[in-house]
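Structure assessment
If you want the building blocks of each chain, they are given just below.
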Amino acid sequence: MPTMPPRHRPLGMPTREQAEARRKAALDRQRPTSTERGYDSAWRAVRKQFLVKHPTCCSPGCGKPATDADHIVSIRDRPDLRLSWSNLRPYCHPHHSERTARDQGFARRG
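Note that the coordinates shown come from a computational prediction; the quantities given were computed from them, not determined experimentally. (Residues numbered from 1 in each chain as written. Predicted model: local features only at pLDDT ≥ 70, side-chain atom pairs only at ≥ 80, totals over all residues. Heavy atoms only, no water.)

To continue, consider the overall build of the protein chain. Within the protein chain, the regular secondary structure consists of three helices and two strands. Secondary structure elements in the protein chain, listed N-terminal to C-terminal, are α-α-β-β-α. For the protein chain, the C-alpha radius of gyration of 19 Å lies well beyond 13 Å, the compact-globule estimate for 110 residues. With respect to the principal axes defined by its C-alpha atoms, the protein chain has extents near 55 × 35 × 30 Å. (Helix = DSSP H or I, 4+ residues; strand = E, 2+ residues; numbered from the N terminus. Rg over C-alpha atoms; globule rule 2.2 N^0.38 Å.)

Turning next to the environment of Met13. Of note, Met13 is situated in the segment before helix 1 (16-30). Residue class for Met13 comes out partly exposed when judged on its relative accessible area of 45%. Taking the C-alpha atoms as reference points, Met13 and Ala66, separated by 53 residues in sequence, lie 42 Å from one another. (Buried < 20%, exposed > 50% of the residue type's maximum accessible area, 1.4 Å probe, protein only.)

The next thing to look at is the pattern of salt bridges. Tallying each qualifying case throughout the model produces eight salt bridges. For Asp70, the salt bridge identified is with Arg89, shortest N-O distance 3.1 Å. One end of the pair, Asp70, is in strand 1 (residues 68-71); the other, Arg89, is in strand 2 (residues 88-91), and 19 residues separate them in sequence. Between Asp70 and Arg99 there is a salt bridge; the shortest N-O distance is 3.2 Å. Residue Asp70 is located in strand 1, and its partner Arg99 is located in helix 3 (residues 93-104); the two are separated by 29 residues in the primary sequence. Overall, the relative accessible area of 10% leaves Arg99 in the buried class. Via salt bridges that share partners, Asp70, Arg89, Glu98, Arg99, Arg102 and Asp103 belong to a single interconnected network. (Salt bridge = Lys/Arg side-chain N within 4 Å of Asp/Glu carboxyl O.)

With that settled, consider the layout of surface pockets. Empty space within the largest pocket amounts to approximately 870 Å³. In terms of lining residues, the largest pocket is bounded by 22 residues, among which Arg31, Tyr39, Arg76, Thr100 and Gln104 are the most central. Only helix 2 (41-53), strand 1 and helix 3 provide two or more residues apiece to the lining of the largest pocket. The dominant element in the lining of the largest pocket, judged by the number of residues it contributes, is helix 3, at five residues. Split by residue class, the lining of the largest pocket holds seven nonpolar, six polar and nine charged. Estimates place the volume of the second largest pocket at around 190 Å³. (1 Å grid on protein atoms, 1.4 Å probe; cavity = no way out; pocket = protein on both sides within 12 Å on 5 of 7 lines; lining within 4 Å. Points joined across faces, edges and corners; volume = space filled by probe spheres on them. Nonpolar A, V, L, I, M, F, W, Y, C, P; charged D, E, K, R; others polar.)

Tracing the backbone through its elements, the reader meets Ala21 in helix 1. Overall, Ala21 belongs to the partly exposed group, its relative accessible area being 46%. Placed 79 residues apart in sequence, Ala21 and Thr100 show a C-alpha to C-alpha distance of 21 Å.

Applying the stated criterion to the full structure yields zero disulfides. Cysteine Cys58 shares no disulfide, and the gap to the nearest cysteine sulfur, in Cys57, comes to 5.4 Å. The thiol of Cys62 is unpaired, and the distance to the nearest cysteine sulfur, on Cys57, comes to 3.8 Å. (Disulfide = S-S within 2.5 Å.)

What follows is the structure in structure tokens.
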């Protein structure tokens, strides 16, 4: 199987991983805090109660413990449903990340 030859990186130039870490840090500095986005102490209390009542991931065939309470309709679209149990579903972290990426455009197919 062919492999790529090593690439020259000028002295002082960051590695791809370092550049990506810097890019993400810059984006995080511009992003509103979790409280400003609607994830305050009231949300944490509702989330905790919801996950106690719904301990398993709702993704078909998963069966892993639910760690994330996912909003069916985004808080951005319907802030009035932020604390409503009818707008929540339980996910394990990998399935929640997958769903968020797909719905928010990170993983949309062109």
